[in-house]
Structure formats: C-alpha cells, structure tokens
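# Commentary on secondary and tertiary structure
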2 protein chains.
Amino acid sequence: MGDRGNQIRFGILGCAGIARKVSRAITLAPNALIHAVTSRSADKAAKFAAENGFPSTVKIYGSYEALLDDAQVDAVYIPLPTSLHLKWATLAAQKKKHILLEKPVALNADQFDSIAHVCEENHVQLMDGTMWMHHPRTAKMKEFLSDAGRFGQLKTVHSCFTFAAEPDFLKNDIRVKPDLDALGALGDVGWYCLRSILFVFDYELPKKVLALPGAVLNEYGVILSCGASMHWDDGRTATFHCSFLSNLTMDLTAIGTKGTLHVRDFVIPYEEHEASFSVGTKTGFDDLVTRWIPRPGEHVISTDLPQEALMVREFANLVADAKTKGSVPEKKWPTLSRKTQMILDAVKASIDGGFVPVEVVG
Amino acid sequence: MGDRGNQIRFGILGCAGIARKVSRAITLAPNALIHAVTSRSADKAAKFAAENGFPSTVKIYGSYEALLDDAQVDAVYIPLPTSLHLKWATLAAQKKKHILLEKPVALNADQFDSIAHVCEENHVQLMDGTMWMHHPRTAKMKEFLSDAGRFGQLKTVHSCFTFAAEPDFLKNDIRVKPDLDALGALGDVGWYCLRSILFVFDYELPKKVLALPGAVLNEYGVILSCGASMHWDDGRTATFHCSFLSNLTMDLTAIGTKGTLHVRDFVIPYEEHEASFSVGTKTGFDDLVTRWIPRPGEHVISTDLPQEALMVREFANLVADAKTKGSVPEKKWPTLSRKTQMILDAVKASIDGGFVPVEVVG
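Just so you know, these numbers come straight off a predicted model, no measurement behind them. (Residues numbered from 1 in each chain as written. Chains lettered and ligands numbered in written order. Predicted model: local features only at pLDDT ≥ 70, side-chain atom pairs only at ≥ 80, totals over all residues. Heavy atoms only, no water.)

### Describing helix α9 (residues 189-200) of chain A
All names here are of chain A. With 12 residues, α9 should reach 16 Å at 1.5 Å per residue; the first-to-last C-alpha distance of 17 Å fits that figure. Of all 12 residues that make up α9, 12 are buried, and the element is covered over most of its length. Taken together, the buried positions of α9 are Val189, Gly190, Trp191, Tyr192, Cys193, Leu194, Arg195, Ser196, Ile197, Leu198, Phe199 and Val200. Trailing α9 by a residue or two, Asp202 shows a phi angle of about 55°, which is positive. (Helix = DSSP H or I, 4+ residues; strand = E, 2+ residues; numbered from the N terminus. Expected span 1.5 Å × (residues − 1). Buried < 20%, exposed > 50% of the residue type's maximum accessible area, 1.4 Å probe, protein only.)

### A closer look at the environment of Asp321 of chain A
Positionally, Asp321 of chain A belongs in helix α10 (residues 307-325). Judged by relative accessible area, Asp321 of chain A falls into the partly exposed class, the value being 26%.

### Regarding the sheet that holds strand β1 (residues 8-13) of chain A
Residue and element names in this part refer to chain A. Ordered in space as β3-β2-β1-β4-β5-β6, the six strands form an open sheet in which the pairing is parallel. The sheet is open, and its two edges are formed by β3 (59-61) and β6 (126-128), each paired on a single side. Averaged over all adjacent pairs, the angle separating strand axes in this sheet is 25°, with direction ignored. In the sheet, β1 pairs with strand β4 (residues 75-78) via three bridges, with the strands oriented parallel. Counted as the bridge partner of Ile12 is Tyr77 from β4. (Pairing = 2+ DSSP bridges. Axes fitted to C-alpha atoms, helices over the stretch in contact; angles between N-to-C directions.)

### What about the interface of chain B and chain A?
Listed by partner, the interface residues are 58 residues for chain B and 58 residues for chain A. Interface area, chain B with chain A, both sides summed: about 4,900 Å², of which 60% is carbon and sulfur. Among the residues chain B hides against chain A, the three largest losses belong to Arg264, Tyr270 and Trp292 of chain B. Together they make up 16% of the total. Linking chain B with chain A are six salt bridges, by the criterion used here. Between Glu271 of chain A and Arg291 of chain B there is a salt bridge, with the nearest N and O atoms lying 4.0 Å from each other. At the surface where chain B touches chain A, the tally comes to 24 residue pairs in polar contact (both at pLDDT 80 or more). (Contact = heavy atoms within 4.5 Å. Buried area = accessible area lost by both parts, 1.4 Å probe. Salt bridge = Lys/Arg side-chain N within 4 Å of Asp/Glu carboxyl O. Polar contact = N/O pair within 3.5 Å; in protein donor to acceptor, adjacent residues only side chain to side chain.)

### Section: the sheet that holds strand β3 (residues 59-61) of chain B
Residues and elements named next belong to chain B. Here we have six strands laid out as an open sheet, ordered β3-β2-β1-β4-β5-β6, and parallel in their pairing. The sheet is open, and its two edges are formed by β3 and β6 (126-128), each paired on a single side. On average, adjacent strands in this sheet sit at an angle of 25° to one another, irrespective of strand direction. Sheet contacts for helix α2 (residues 42-51): β2 (32-38) and β3; angle to β3, the most-contacted strand, approximately 145°.

### Focus: the relation of the copies chain B and chain A
When chain B is fitted onto chain A, the two copies agree to an RMSD of 0.0 Å after a turn of 180° and an axial shift of 0.0 Å. What we have between these two chains is a two-fold relation. A shared interface surface links the copies, since 100% of the contact residues of chain B are contact residues in chain A too. (Least-squares fit on C-alpha atoms with pLDDT ≥ 70 in both.)

### Some remarks on the side chain of Gln307 of chain B
Residue and element names in this part refer to chain B. In this fold, Gln307 is placed in helix α10 (residues 307-325). Residue Gln307 is classed as buried on the basis of its relative accessible area, which comes to 4%. Here Val267 takes part through its backbone oxygen, which lies 2.7 Å from a polar atom of the side chain of Gln307.

So this is what it looks like as structure tokens:
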C-alpha cells in the first residue's frame, strides 16, 4: 500500500457480483483505495461493505447521486447493468469522476460515443473493465504475434468463451434480461472473444461480419449462445463462439504463416499468480511424418498482482497523471472499447437481420 | 512379426510420399507384410523399395495392372491421386483385392458409392487411411465424450488443421492440381477436420453446411484454405478451418454442457508412442472468480505401435477374417468414409455456390 494521500479514491457505483472482485483489486492496487460505495439503498451498500471486509472509514451512500456528489471521490467503478451505463457514466463524467466502466460498455456504439464524448469534454479518463488486457501474459503474447520471424503474417484467429449458467442464472440474472443486459451472452462472454480477436489483429476492424446460424435466444430475444465469422482484407479471417449454455471454456488460437499461439484461459487465468500460453514456430514433421519438429512449447508468466489489480493500477496511474500533472486522458482505452462495441453491434445486426453479412464501417 | 504364412500380403499401388509412412506401418503391423510394390515404371518402384529398405523378396511391378494380377496379393494400399481412385479401386476390387484407400476417398460421394458398391459385390474390405481413428487416444476421447456425467450434452465443436506448404508444394504438389487432387486443402487437411467433427457427433450428419467467406483458391480454382460452419438439430454447431497457408496446427475442441475436450495434435500426435488430450468437467471458478475449479487435466495415453500400424493391423484383421472365415466385410469403415465425403461435398458446393447454405441429405 502506498501513502493514502497519493492513492486514487474510488467510489463503487453498484454492488454487482463482479464489484466484489474489483473491490479487492482496488484494495490490492498500491495506488488506489475504496473511498465510498453505493447501491440502490444504503442498507444494501452497507451489507456489501461488511461482507467484503471494507474498512469502517469507507463511506456508505444510499443513492448513486450522493456518491457522485462526494468531492473526495476521484474515480468511479461502474458495474451497473448495461442499460444504465449511458445515464450514470454521463452523470459521473459531468461530476468530473474518472470512470472504470464494466463491459459491455454500452448497448451500442452510439451510446458509447456519447459516453466517450462527455468524458472527453470533462477531461476524465475512461477505461473498460477488460481485465486480461492488463496481465503481463498479454504483452508477452503480443511480442510473439508481432514477431515476423516467429509468427509471420497473421492468417486466422479462433476465440471461444462459454460457461454453463445455472438454471437460476438463466431465469434471473441481469445478463438474460432484455431491459438490463440486453446483449446477453454476446455482451458478456462474447465481448472478450471480440476483444481478443481485435487484440490479435492489432485492433484493425474487420471489413465484414457474418453471424453463424444456430444462435440461441431466450423467450425475450436475449442471446444465450452465438458465433460469427469475420473477414479482413487479404483473406484473413476470424471466428468466435460464445455461450451461457456450455461448460467453461476460454480458448484463443491465432495462426500465422510461421507460428501458432494457443491459450486456454485467456480471460481469467487458471491461477492468479501464474499464467501460460503455448507457441509453435515453423512447426513441421520428421522425415516420415510421424512426429512434430519442433514440438510447440509453453511460456509461463508470473505476476505478483492479479490482472484486475494491474488494471486498477494502470487506470489509477492515468487518473493520477490527470489529477496532478493535468495530463490529457489516454485515448487508447476508449478507442479499444469503441472498436469492440462496433464489432459487437455488427454481430447483433447480423443475427437480427437473419444471419446476413454486415459491413463494419470505422 | 507373426508367422509369414498368416500375414496379410499387401501390394502398394503407387509411390507417393505417404506410401513411405504406410509401408513402414505395414512392416510394423504383426499381421501384415509388403508383398509387392508398383509405380508408373518398374524403375521408380525399385527405387522406392530400395530407399525404404524393403526386403529383396518384395516384388517390383512396372504397372498397376501387373500388381493387381498377382494372385498372392491379398490387399492393396492405394495412395494414388484422388482422381485415379475410382478407376484403380474399382479394378482392385474386381480382382478381389481388399482395399486400404488414401483420403479423400473420391472426388465426390457418387464416385465413392461406386467404389463401395464394387467392393461389396466382390466381398472385399474397404477402409480409408484416416490413421488417427486407430490411436488408442481416440477411443479414450470417445469414452469422455460419451459420458453424460463428465461431458453432458454436446453443444459445439471446432476443428482446425493447417500447415504451411513450401512454395514448391504450392506449385507442383498433386494436392494443388485440378486434374489430380482437385479437392485441394479441403480434401487433404479438411478431410481430417470433417472426420473429427463427425467423430464427436457420433457420425450424425449435419443438417446444413455453410462455407465461410474468405476461402482462398489458386489460379485453377483448387482450394488452398477454407472453413465452414455446420448445423444440427437442437442448435448444435461445429466450425472448421483448413489451410495449406498457415503454420502447422491441429486442434480439436468439443464442448458439452458439462465438459470440454481439447486436443492439439489430433491427426498426428506430437510423438509416436505417447499422446494426450485435456478435459475439463463441471469447470467453474472460486468464490471471487479469480481462478478455475477444478482446473482441467491432461490424459496421457501410451501406445506400443504407432497409429498407422494400428490402422494396418485393424484392416489386416478384417481381411484375415474375410479370407479365413469368409466374414462379410465390416461396413463401419466405408460408412464413415462416405459420411465424411458427403460433408466435404457439401462444403465444396457451398463454396462453389458463393458461400450459400447447403443441406446435407443422408
């Protein structure tokens, strides 16, 4: 822990399950602390604070507005349902709070543009909660993917994130409710697939997106399972599959002309302090085609802080720069959010249109 | 090695690269031996025999017909270009030779039906050269996939087989020639992807196949890279990608409601005598969603004989049964070949039609 005076003071806007993990991350990050928490009622916020072992100094608010009016709050973490992002992120920015915003960032790119615009006007940092971007493994994977000698030119990517939701989740979770997280599995687990594909493509948007037949929607039209195929110039392609209906799986595979990268836990590593990925380079066979030469190898990366604490630390660093040096907010993060949301919108449009090809216009 | 008198005597019809591997497999299989080899010229066949250390007792023929006329030949291995399968498999069957036929088995399912029909008429066993089917790992994977407690209901499959062909291959190999292996990468590496998907689906054909945009064809229209999405009843899906243009990759992922299977070397294991696959069952997270519980585990399977020798042994056993007990040829194997070819035809038709959905009619 650093000096409390230099730590970025977070307000937590809502007590969703994910807020527990991020609260711990704020506590773990050396340059951040929890200053206040709120929910739709003070009782609920107090219960959340107690259950998660918050210090008694943490302020409990009974409304989102009250927390946003606390002048000591530097930044807010917003884990609210997606349908509430536009309203509360806008208000937070207007109150000069820097914003760590859960994914999906908005119901569509237009809404997100509105949020990003008000953040820019008010000189506040905006970053989404895609934790794995901040794991040191991610930077190591990028090194491999950028290495023309080991990976060559990118050809295709496949990404998959599924988990088997309990019956109660499929009935009651906000992620299956059309008025709350209307993007369902596409907005939740699909978000990570889309970001991972963008990550491998160096954030170059695809030209075309085609949702694959076989998407499963619930009675309200919320996506429970879907996939898509994407297309770039020069025949480069990607596919993804996301679902609430299948056993937990988190695959990212990137194949280049000279190399292959595999990771099976790209969103949340198997363990907090160590994560790995596998690479093959110029892989071939022996003379009789009976074994691989060279055999692909595993890279293991350790980290003292879990990826969510690294995310908070990175965000808090940017907030500190804005606060103390008057730095302009880092545009990289909202740009990545926007691109992810744009592809998400295209997949949704393709499904809504009956699995038609949709052009992505940056 | 068993008693020579009880061993099935193979004739090798053509000296393709793959014939070297299968010749070794015939030598390794305890119930098989190489009796004769032929090519378009006796010189070529003699050179092949010498280079591969065949015993001097192996007969060298200068024409395919001559080998088929050798009454001592029980079975032939046919590694000829796909466009020659119909002619030579038909003639071999008419000469009462049992047939181990390289994949793809034919240029289309109609051709294959003709081959299968003549084999049936002449009471000869027909089996294709899909070696990985015979690895003990494959049976172990099937045990997991069939286990409702560990795997649950199948939801989706992804299969990928790519390798980076050398410039010379892309110019001169039979697999890029429209008059030889006209099915290109789809018939070669794609064959394995399709078979692996069928394997996971217990050989239930998909209802629909949709080739994905982004297929790469050479100047003669031969497929160098392609993929497709497939659809069964109840929202079950599969995707595959195959290519001559990307680094060696061999992935099979099957996801059920309760379990996930991963294998990264499904066609040719990394090593001959040991192969593994990974399974996750009822995988979830700890309370704070910071790590996986339980962590997926690896299954390692040893084998004394390489999978291609196990294939030869299985085939030779069936031939021996037909020879000595007058058993009817095992229909399972040509049935699997036919189903694989049918999906292959559907993918090809989808590409040829401009990436349109194609129904698969069994």
